Amino acid sequence: MREKIRRRREFTLQAALILLLVAFIAVLASNVEANLAAKNIKSGFHFLMNRAGFEISDQLIPYSSNDPLWKAFATGILNTLRVSACTVVSATVLGVVVGLMRLSRNAVVRFLGIAHVEAYRNVPLLVLLLALYLVVTELLPGVRAAFHLGDWVYLSKTGLLFAIPEMQWAGSIAALAGLAGAFLIAWIIRRRETSLVANCSGLLAFVLVFAFVWVILGVFGGWNHPVATRFSMSGGAQLTPEFLTLWLGLTLYTSAMIAEIVRAGVVSVRPAQWDAASALGFRTRETVSYIIFPQAMRLIVPPLSSQYMTLTKNSSLAVMVGYPDLVNVGTTVMNITGQALEVICLIMGVYLTVNILISVFMNQLNARIMRAPQ
C-alpha cells in the first residue's frame, strides 16, 4: 500500500512538471509569434528558397549570388566541416607529439613541449586568431614579392597557392588509392605485429601512396600552376588567408589541450608496468602496444572527445577573421532576411547534429577500448 502511494505521488509530480513545461513552451511560442507579427515578419523556412544575393569566397561546391539561400547555407556548412576536419587531424598529430615531448628525458625537448602548452593554453583563442590574421594579412609580402618555391608553391597576402594536376578528380583518385594502400599495408603488418604498429604503418602508407599517385597523375596529365596576374594570382589551388588563420589558430590552441590529455594518460600508467613487461621479455614496441597504450587510452579518449566537440564549436569564431563558415553565412542571411529566429535555429541544429555524431563515434571507440582486457 505504501509503495502504491509513493508511485502515485511520483507520477503526479512528473505529470505536473510536464504540464508546466508544456505551458511554458506554449507561452513562449505565443510571445514569439506576437513579436514577429508586430514586426511584420513571417515565420517559417520558406525564405531559404529566395535568391541569396551575396558571394562566398571559399567554396567546396559551385555557388553564385543567384543561387537560393539554402545553397549558401550548404556552402557554409561544408566550410565549417572542412576546417573542423582538417583541424582534428592536425591538432591530434601535433598534440600527441607535444605530449610525448613533455615526457622526454631531454631537457630541451621537454622545455619546448612545456612552452607550447603554456603559451597557447593561456592565451584566449580569439586573441590568438586576431594575432595570426595580422601576421598573414600584414606581415606576409604582396603578390609580386611572394615567397615561392619555383612555380609550384606561392605564399603571400592572398594565401597559399600550389600547383595541382590538370586531371579532374585527381585528389579523389589519390585518396582512394591511399585508402586502399593503407588497408592493405595494415592487414599485412597486423599478421606479424601489434595493431598499434599496423595502424600507424597504414596511416604512413596512406600519406605516401596519396603523394605518389598525386605526382603520377600530374606527371602524365599535366600540372595547373599558379600564375601571377596584374593584381592577384590565378590557377592552381588556393588556401585563403582566412582559412589558413583559422586552421593554424585552432590547431595550435587545441593541440595544447590534447598534449596535456596525452601526457596525463601516459603518466597514469604505473612505472612498474614497464618493469614487468621488461621482466617478461617484451620489446619496447610490444610493451607500448599491449600494455601502456591500452591503459593510457582509457583515460585519453573521454576528454579527447570533448576537445573535438569544443574544437567544432570554436570554429564559429571564423566570423572574426572573415572565413565564410556557417555562422558567418548565417549572420549575412539574418541581416538580409530578418529571419533571426529561424537562422539561429538552423545554426544550433547543425552544430548539435555534428557534435552528436562526434560523441557517438568517440563513445563507440571508448566502449571498444573499455572492452579490452586490462
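Parameters and conventions
- Residues numbered from 1 in each chain as written.
- Predicted model: local features only at pLDDT ≥ 70, side-chain atom pairs only at ≥ 80, totals over all residues.
- Heavy atoms only, no water.
- Helix = DSSP H or I, 4+ residues; strand = E, 2+ residues; numbered from the N terminus.
- Buried < 20%, exposed > 50% of the residue type's maximum accessible area, 1.4 Å probe, protein only.
- Contact = heavy atoms within 4.5 Å.
- Areas by Shrake-Rupley, 256 points an atom, 1.4 Å probe, with all protein chains shown as cover.
- Lys, Arg positive; Asp, Glu negative; His and termini not counted.
- Charge placed at Lys NZ, Arg CZ, Asp CG, Glu CD.
- Salt bridge = Lys/Arg side-chain N within 4 Å of Asp/Glu carboxyl O.
- 1 Å grid on protein atoms, 1.4 Å probe; cavity = no way out; pocket = protein on both sides within 12 Å on 5 of 7 lines; lining within 4 Å.
- Points joined across faces, edges and corners; volume = space filled by probe spheres on them.
- Nonpolar A, V, L, I, M, F, W, Y, C, P; charged D, E, K, R; others polar.
- Axes fitted to C-alpha atoms, helices over the stretch in contact; angles between N-to-C directions.
- Parallel < 35°, antiparallel > 145°, perpendicular 65-115°, else oblique.
- Left-handed = near helix turned anticlockwise from the far one by under 90°.
- Pairing = 2+ DSSP bridges.
- Phe/Tyr/Trp six-rings, centres within 6.5 Å; stacked < 30°, edge-to-face > 60°.
- Lys NZ or Arg CZ within 6 Å of the ring centre and 35° of its normal.
- Expected span 1.5 Å × (residues − 1).

Student: Mind showing me how you'd approach the overall build of the chain here?
Tutor: For the chain, the count of helices and strands is 11 helices and 8 strands. Along the first, second and third principal axes, the C-alpha set of the chain runs to 85 × 75 × 40 Å. When the 374 residues of the chain are sorted by exposure, 36% land in the buried category. Taking contacts inside the chain between residues at least 6 apart in sequence as the whole, the part at least 24 apart equals 66%. Summed over all atoms, the accessible surface of the chain reaches about 22200 Å², with 68% contributed by carbon and sulfur. Positive and negative charge centroids in the chain, built from 29 and 17 side chains respectively, lie 11 Å apart.

Student: I tried to follow the pattern of salt bridges on my own but got confused; where do I start?
Tutor: If charged atoms from side chains of opposite charge come close, those side chains can pair. Scanning the entire structure with this criterion turns up 6 salt bridges. Connected via shared salt-bridge partners are Arg102, Glu118, Arg121, Glu260 and Arg263.

Student: Before we go on, may I ask you to explain the layout of surface pockets in this structure?
Tutor: Over the atoms, a rolling probe the size of a water molecule traces out where space has been left empty. Volume-wise, the second largest pocket comes out at about 270 Å³. The class makeup of the residues in the lining of the second largest pocket is 7 nonpolar, 1 polar and 1 charged.

Student: Any chance you could explain the packing of helix α2 (residues 69-101) against helix α3 (residues 107-121) here in plain terms?
Tutor: Packed helices, taken two at a time, are described by their axes: the angle between them and the distance between them. Where α2 meets α3, the axes come as close as 7 Å, and the angle between the chain directions of the two elements is 130 degrees. In this view, α2 runs oblique relative to α3, as classed from their interaxial angle. Crossing handedness for the pair α2 and α3: left-handed. Together, Leu94, Val98 and Met101 of α2 and Val109, Arg110, Leu112, Gly113, His116 and Val117 of α3 make up the contact between the two elements. Split into classes, the residues belonging to the contact of α2 with α3 amount to 6 nonpolar, 2 polar and 1 charged.

Student: Sorry if this is basic, but what is going on with the sheet that holds strand β2 (residues 153-156) here?
Tutor: Hydrogen bonding along the main chain pairs the strands of a sheet, whether they run parallel or antiparallel. If you walk across this open sheet you meet the 4 strands as β1-β2-β3-β8, and the pairing is antiparallel. A single partner strand is all that each edge strand has here, and the edge strands are β1 (147-149) and β8 (237-239). With direction set aside, neighbouring strand axes in the sheet form an average angle of 15 degrees. Against the sheet, helix α7 (residues 241-267) makes contact with β3 (159-162) and β8, and its axis sits at roughly 55 degrees relative to β8, the strand it touches most.

Student: Just checking my understanding: could you explain the packing of aromatic side chains for this structure?
Tutor: For any pair of aromatic rings, the description consists of the separation of the ring centres together with the inter-plane angle of the planes. On inspection of all chains with the given rule, the structure shows 7 aromatic pairs. Between the aromatic rings of Phe54 and Tyr63, the centroid separation amounts to 6.4 Å while the plane-to-plane angle is 50 degrees, which identifies the pairing as tilted. The same class applies to Phe54 and to Tyr63, which are both buried. Their ring planes at 50 degrees and their centres at 5.5 Å tell us that Phe243 and Trp247 sit as a pair that is tilted. Taken together, the residues span about one helical turn, with Phe243 and Trp247 both in helix α7 at a distance of 4 residues. Overall, Phe243 belongs to the buried group, its relative accessible area being 1%. Linked through ring pairs, Phe206, Phe210 and Trp214 together constitute an aromatic cluster. We note Arg82 situated over the ring of Phe243; from NZ or CZ to the ring centre the distance is 4.1 Å. Looking at Arg191, its charged tip hangs above the ring of Trp187, at a distance of 5.0 Å from the centre.

Student: Could you clarify how one ought to interpret helix α6 (residues 195-221) in this entry?
Tutor: Since the α-helix packs 3.6 residues into each turn, any two residues three or four apart lie on the same face. With 27 residues, α6 should reach 39 Å at 1.5 Å per residue; the first-to-last C-alpha distance of 38 Å fits that figure. Of all the positions in α6, only Val197, Ala198, Gly202, Ala205, Val213, Leu217 and Gly218 are classed as buried. Gly222, located one to two residues past α6, shows a positive phi value of around 95 degrees.

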